Amino acid sequence: MPTSVQLKNGTTLQLEQKAFASGGEGELFRINNPTSFQNQVVKIYKPEKRTKERENKTEFLANNPPTLQIQDGHHSIIWVNQVVYDNGKFCGFTMPIAKGEKLEFLCHPKLPKILNNEWAKFDFQSPKAIELRLKLCFNIAVALYHIHKLSNYVLVDMKPENIMVQPNGLISLIDIDSVAVVKNNKVIFPAPVATPEYTPPEYYKGIKLDGDGINETWDRFSMSIIFYRLLCGIHPFTGSCITPYEKCNGLVDMVQNGLFPNGQKNSFFKVIPPPHNKFKNLESVVQELFKRCFNEGHNNPNNRPNADEWCRSLSPQQVIQINRPLPSTTVIFPMYNYSKAIVYNPSVSLEVPKINYANPQSEKGLKALISGIFGKNKEQKTIDTIKQLEKELKQKEKKYDVFVLELQDIINTFSKNQEAILKNEKSKLEQLKKTVILDISYFDKQAKELHIQEANEISSASNLYTISSNTIEQRIKQTYTNILGKRFENQEIQKSGLQKNIQDLRAQVQNEINSFINNPTKLSKYIIKYASIHNFGYSTVQSLASVGITTAADFTDINSEGFLKNRSGKWVKANGVGWSRAYDLREWQRKLEMKENQIITENINQNHLSKFQIINNNIKNMEDAFQKEIHPYQIQYKKEELAFEEAKAKIMKDYKEKLEEIKSKYNEQHLVIIENCKIYSKSISPKIKTITSDIEKELDENFQKYISQFASKKTEINNYSTELKSEIGNLNKLHMQLV
């Protein structure tokens, strides 16, 4: 992998040698330099992933970002910043660094032990757990809202593993480069993958990831599943069912068939896991959003609540974005080269003058004794002089070893001093970097303080707007109650009285119908011997009469052996009546039963028809009279309501103007900080140049100093050699005297 990459503008980014994270498509590297990129990372794709299509998609994402929400350097969407190149070839992109843990940790009934105590407040047993989890849902919905607002992007693979969360509730959507890019309902750049447990039902109806038809309603379904898991600790389509869904075992089957335990098909569930009970404790507005998504939204994606609806349902405050870059993002620490060491390595080898040693021998024995008595002769004196001179020359010859060491020491000392100078340069430049970062952080601090002040002013304006708006809403409600509410209420009371009469009459009619229908003798008028029943002759009729069955009312049931149950509940058997004749007899009875029930119902209803008409006419007359009576009051209320709506519009207009005023004021102050930061950043290069110039001067002075010392030592050695050569000449003359 490259240790440095380039941006399109030519800026070089120095990367850490080792990746801190890796995946199926590539690796993530931290940026060492420039320091302004310290809060960003580089994603380097694997060589086989660096296709032209991916390059085009990455450039599109970089050039068309959503409005990002940045809070104290935190990014809620880890979007593509800039495309990066390796020697002119596409290899990846820069993006903000994401902090926190995967949201998946919070999507189970219990928190995993791997999380520290900071996360305990999210435990379902904690009193504020649901409140905090709802805030997480809100933050996720806000981020998704800004992505969908562009109408170009569908996340497709939205799942808890692709969302980072911090204990303070901040979230970051990650893996953004895998989004689908859509224009006019056509997929320009497809999403590479989708996770089945989070895909909507239309995926199983044939919509392909690289085909047309994918839109943001896809993400609405995934988002609702994530929210349900966050709030209940379980996937919304978990459970086991009875016929005809008994074979739906996995989540994919459950999603495909819309089997939501708290939805329309809850009666088909055999086992509903306990975590689903948390759904009943959620606010009704949240429950309705889930039901809309998983019930109506199952076959009609447009019915699924979008991110904006979730935002408005989870927070009464308007979402206001403050999106200004920190001053540090405008500063790039200039590139520079460390000073190069001066190569100084002169030769320390010396040319030692050649000395011919005669090593003459002194007299021994008798000659030495005579010399001691009568004194040394001339030759003997010469020998003594030579010996003394050669001894001295041998000592002086050893001096050259010392000279070599002294010369080498000059070179070594030069190198050490030069190394110290270069080390000092690095130290000064590193200290300058630290100073710059510290100074820039001061500008960032100013910007953050402005951000807080602006947020407070916006919050105050929002609170004022909310109070004023709520006051008008209350006045509208009170006005409605005063003008129309009581009148409608009285009308409904009178109307409900008449409707109660209708209900009572209906109950009376039904009771009469039931009384006649349930009368055991109602079929007594239908005599068997006068009936036209297939295969019934005189003997059959007589046989039935012999056991007391002469009319359709005389029996209630038959069995497979042709027995008939009489009205007393006793089973009797008529000769010549088997299963077939008994069955025909029962079918004749059933047809008579249906006919008689219909006649009874129609007759009784007809008998009471006039009573229903009288009550309905009274209701209609009362409604007509009320409409005439209420009409002028409705006109009056409409006028009042219009005035209130105008007042609300005025409040909204003032509120928006106030927001623009606040934004404009802080834009100007922020620009001043940015400009001061830019002015400061221009001073960095001169400071670097001063350091490097001083170092170059020190290097040169150090070089000149030791050149001078080396030359001085060389002169000393040369003078020494001259003197030595003179003494060698004298020695050679003495040698000649001995010949």
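The numbers attached to residues start from 1 for each chain and follow its sequence in the written order. The predicted origin of the model limits local features to residues at a pLDDT of at least 70 and limits the giving and counting of side-chain atom pairs to 80 or more, whereas totals for whole chains, interfaces and linings rest on all residues. Computation of side-chain values covers all heavy atoms of the structure but excludes hydrogens and water.

## Comments concerning the overall build of the protein
For the purposes of this entry, the term helix denotes a DSSP run of H or I that reaches at least four residues, the term strand denotes a run of E that reaches at least two, and both are numbered from the N terminus. A tally of regular secondary structure across the protein gives eleven helices and 20 strands. Principal-axis analysis of the C-alpha atoms gives the protein an extent of 195 × 75 × 45 Å. A burial count over the protein gives 41% of its 739 residues as buried. Whether two residues are in contact is decided by their heavy atoms: any pair within 4.5 Å suffices. Once local pairs closer than 6 in sequence are excluded, the contacts in the protein between residues at least 24 apart make up 70%. To measure how exposed things are, a 1.4 Å probe is used in the Shrake-Rupley method; for residues, cover is taken only from the protein chains shown. Total accessible area on the protein stands at roughly 41400 Å², and carbon and sulfur atoms take up 50% of it. Note on exposure labels: buried denotes an accessible area under 20% of the residue type's maximum, exposed denotes more than 50%, and partly exposed covers the range between, all computed with a 1.4 Å probe on protein chains only.

## Some words on the packing of helix α2 (residues 129–148) against helix α3 (residues 217–232)
Running from amino to carboxyl end, α2 crosses α3 at an angle of 165°, the nearest separation of the two axes being 10 Å. It follows from the interaxial angle that α2 and α3 lie roughly antiparallel. Two packed elements cross with a definite hand, and for α2 against α3 that hand is right-handed. Where α2 approaches α3, its residues Ile-130, Arg-133, Leu-134, Leu-136, Cys-137, Ile-140, Ala-141, Leu-144 and His-148 are matched on the opposing element by Asp-219, Met-223, Phe-227, Leu-230 and Leu-231. Charged means Asp, Glu, Lys or Arg here, nonpolar means Ala, Val, Leu, Ile, Met, Phe, Trp, Tyr, Cys or Pro, and polar covers whatever is left, Gly included. A class-by-class count of the residues in the contact of α2 with α3 yields eleven nonpolar, one polar and two charged. Angles here are taken between N-to-C directions and fall from 0 to 180 degrees, while the axes themselves are lines fitted to C-alpha atoms, restricted in helices to the stretch in contact. Orientation is classified from the angle alone, with under 35 degrees giving roughly parallel, over 145 giving roughly antiparallel, 65 to 115 giving roughly perpendicular, and any other angle giving oblique. Less than a right angle of anticlockwise turn of the near helix away from the far helix marks a crossing as left-handed, whereas a clockwise turn marks it as right-handed.

## Section: the packing of helix α5 (residues 284–299) against helix α6 (residues 307–314)
Direction vectors running N to C along α5 and α6 enclose 165°, while the axes themselves pass 10 Å from each other. On the basis of the axis angle, α5 is roughly antiparallel to α6. Classified by chirality, the crossing of α6 by α5 is left-handed. Only Glu-309, Trp-310, Ser-313 and Leu-314 of α6 make contact with α5, whose side of the interface consists of Val-285, Val-286, Leu-289, Phe-290 and Arg-292. Its residues assigned to classes, the contact of α5 with α6 comprises six nonpolar, one polar and two charged.

## Some remarks on the sheet that holds strand β13 (residues 171–173)
With respect to topology, three strands assemble into an open sheet ordered β10-β12-β13, the strand pairing being antiparallel. On the outer flanks of this sheet lie β10 (101–102) and β13, each paired with one strand and no other. Taken together, the three bridges between strand β12 (residues 163–165) and β13 define a ladder with antiparallel strand orientation. Bridge pairing links Met-164 to Ser-172 in β13. Running at roughly 35° to β13, α2 makes contact with β12 and β13 of the sheet. Paired strands, as defined in this entry, are two strands with at least two bridges between them according to DSSP.

## Let's talk about the sheet that holds strand β19 (residues 564–566)
Adjacent strands of a sheet pair through backbone hydrogen bonds, lying either parallel or antiparallel. Spatially, β18-β19-β20 is the arrangement adopted by the three strands of the open sheet, whose pairing is antiparallel. A strand with exactly one partner marks an edge of an open sheet, and here the two such strands are β18 (555–558) and β20 (571–572). Across three bridges, the pairing between β18 and β19 is antiparallel. Its bridge partner lying in β19, Ile-558 is registered against Leu-564. Lying over the sheet, helix α10 (residues 579–682) contacts β18 and β19, oriented at roughly 135° with respect to β18.

## So, α5
To estimate how far a helix should reach, multiply one less than its number of residues by 1.5 Å. For α5, built from 16 residues, the straight-helix expectation of 22 Å at 1.5 Å per residue is met to within 8% by its first-to-last C-alpha distance of 23 Å. The principal kink in α5, of about 30°, is found at Arg-292. Within α5, the full set of buried residues consists of Val-286, Gln-287, Leu-289, Phe-290, Cys-293, Phe-294, Asn-295, Gly-297 and His-298. The inward-facing, buried residues of α5 abut α2, α3, α4 (251–256) and α6. Take the seven residues that end at a residue and the seven that start at it, fit an axis to each, and the angle between those axes is the bend at that residue.

## Observations concerning the environment of Tyr-198
Note that Tyr-198 resides in the loop between β15 (186–189) and α3. Separated by 70 residues in the primary sequence, Tyr-198 and Phe-268 place their C-alpha atoms 22 Å from one another. Any N or O atom pair separated by 3.5 Å or less is treated as a polar contact, with the protein-specific requirement of one donor-capable and one acceptor-capable atom, and with residues adjacent in sequence counted only for side-chain atom pairs. A polar atom in the side chain of Tyr-198 sits 2.5 Å from the side chain of Arg-229.

## Concerning the confidence of the model for the protein
The score called pLDDT rates the predictor's confidence residue by residue, from a low of 0 to a high of 100. For the protein, per-residue confidence averages 88 on the pLDDT scale, and 95% of positions sit at 70 or higher. Here residues 316–321 is a poorly scored stretch, pLDDT under 50, and it has 13 contacts once near neighbours within four places are set aside; other chains count.

## Here's the deal with the side chain of Glu-104
Mapped onto the secondary structure, Glu-104 falls in the loop between β10 and α2. Among the polar contacts made by the side chain of Glu-104, one reaches the side chain of Arg-229 at a distance of 2.9 Å. With sequence-adjacent residues up to four places away left out, Glu-104 is seen in contact with Pro-160, Glu-161, Tyr-198 and Arg-229.

## Concerning the pattern of salt bridges
When a carboxyl oxygen of Asp or Glu lies within 4 Å of a side-chain nitrogen of Lys or Arg, that pair is called a salt bridge. Going through the model one piece at a time under the given rule, you end up with 27 salt bridges. Measuring nitrogen to oxygen at the nearest pair gives 3.1 Å for the salt bridge that ties Glu-25 to Arg-54. Linking Glu-25 in the loop between β3 (21–22) and β4 (26–33) with Arg-54 in helix α1 (residues 52–63), this pair joins segments that are 29 residues apart in sequence. Neither Glu-25 nor Arg-54 differs from the other in exposure class; each is buried. Across the pair Asp-177 and Lys-43 runs a salt bridge, and its minimum N-O distance is 3.1 Å.

## What to know about the pairing of β15
As paired elements, strand β14 (residues 180–183) and β15 share three bridges and run antiparallel to each other. Bridge pairing in β15 links Val-181 to Phe-189. Joining the antiparallel neighbours β14 and β15 is a turn of two residues, in which Asn-184 adopts a positive phi near 50°.

## Let's talk about the nonpolar core
In this structure, Leu-103, Leu-106 and Phe-290 are the most contacted members of the largest nonpolar core, which totals 76 residues. For this core, the element with the highest residue contribution is α2, accounting for ten residues. Dropping the residues within four chain positions of it, Phe-290 is found in contact with Ser-224, Phe-227, Tyr-228, Leu-231, Phe-279, Leu-282 and Trp-310. The term nonpolar core refers to a set of buried residues drawn from Ala, Val, Leu, Ile, Met, Phe, Trp, Tyr and Cys, joined through side-chain atoms within 4.5 Å. Membership of the second largest hydrophobic core comes to 25 residues, among which are Leu-450, Leu-659, Ile-662 and Cys-677.

## Overview of unusual backbone geometry
Glycine aside, the phi torsion of most residues is negative, and most peptide linkages are trans. Between Asn-33 and Pro-34 the backbone carries a cis peptide bond, its omega angle lying at 0°. Note that Pro-34 resides in the loop between β4 and β5 (40–45). Residue Pro-244 follows Thr-243 across a cis peptide bond; omega there is 5°. With respect to the helices and strands, Pro-244 occurs in the loop between β16 (240–241) and α4. If you check the backbone angles, Asn-87 has positive phi at about 55° while not being a glycine. Take Asn-87: its relative accessible area is 68%, and that puts it in the exposed class.

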